[in-house]
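Results of the structural survey
What follows is the residue order along each chain.
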Amino acid sequence: MDGGSGDMTLAFDLGALKELAYPDSVFTDARQWSEYVGVISEQPTYVVTNFTRKHRIRQDFFSGPRGREESLENVKEQFDTDRHVFVGSGEADAALAEATGWEFLPVADAAEAADWELGEPQAPEATANEDADARDDWP
């Protein structure tokens, strides 16, 4: 995906991120042309944290215990980049982006432009070191 300047903050709605087959690769790829990348959701913090840990996603920001609108407003204040792009799906996400001054990009369009695969999210394969570090005495 040609994001233009690397001076961009990219926020994914958790629901949109769950439409991508390899969310970890999406974040790795997005970091090449974005300054900051994170997840926005109305779900409780632990839901976002569990998803990002399972998929080995390192995010620069997340919504925490606030709503999506407040989260997008706070991220925009904290991360002063030329562009703020919100990847979501549906009219509600488009309206949210407009209300908060973010550019809206439908997840299907982002996937097509960046050559990301849509589908059920797949967890990354465990590495040999992670297998060796696993405890077999843990209940």
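For the structure, check the block above.
Notes on the structure follow.

Scoring rules and cut-offs
- Residues numbered from 1 in each chain as written.
- Predicted model: local features only at pLDDT ≥ 70, side-chain atom pairs only at ≥ 80, totals over all residues.
- Heavy atoms only, no water.
- Helix = DSSP H or I, 4+ residues; strand = E, 2+ residues; numbered from the N terminus.
- Buried < 20%, exposed > 50% of the residue type's maximum accessible area, 1.4 Å probe, protein only.
- Contact = heavy atoms within 4.5 Å.
- Areas by Shrake-Rupley, 256 points an atom, 1.4 Å probe, with all protein chains shown as cover.
- Core = buried A, V, L, I, M, F, W, Y, C linked by side-chain atoms within 4.5 Å.
- Pairing = 2+ DSSP bridges.
- Axes fitted to C-alpha atoms, helices over the stretch in contact; angles between N-to-C directions.

When you go through the protein chain residue by residue, the secondary structure sums to 7 helices and 5 strands. Each helix (α) and strand (β) of the protein chain, taken in turn from the N terminus, gives the series β-α-α-β-α-β-α-β-α-β-α-α. Across the 139 residues that make up the protein chain, the buried fraction comes to 43%. Contacts in the protein chain between residues far apart in sequence, at least 24 positions, make up 68% of those at least 6 positions apart. Accessible surface, the protein chain as shown: approximately 7900 Å² in total, 44% of it carbon and sulfur.

Counting residues in hydrophobic clusters, the biggest one holds 25 residues, and the most contacted among them are Leu10, Phe12, Leu17, Leu20, Phe27, Val87 and Trp116. Among the elements of the structure, strand E1 (8-13), helix H1 (14-17), helix H2 (23-30), strand E2 (36-40), helix H3 (45-54), strand E4 (83-88) and helix H6 (107-114) are those that each provide at least two residues to this core. With 4 residues, the single largest contributor to this core is H6. Beyond its immediate chain neighbours, meaning those up to four positions away, Leu20 contacts Phe12, Val26, Val107, Ala111, Trp116, Glu117, Leu118, Gly119, Glu120 and Pro121. Phe61, Phe79, Ala97 and Trp102 belong to the second-largest nonpolar core, a separate cluster that totals 10 residues.

Let's shift gears to the sheet that holds E4. Taken in spatial order, the 5 strands make up an open sheet running E3-E2-E1-E4-E5, and their pairing is parallel. Two strands lie at the open edges of the sheet, namely strand E3 (61-62) and strand E5 (103-106), each paired on one side alone. Both E1 and E2 contribute to a ladder of 5 bridges, which runs parallel. Residue pairing for E2: Phe12 is matched across the bridge by Val39. Strands E1 and E2 of the sheet are contacted by H2, whose axis makes an angle of about 145° with E2. Packing against the sheet, helix H4 (residues 68-78) makes contact with E1, E2, E3 and E4, and its axis sits at approximately 165° to E2.

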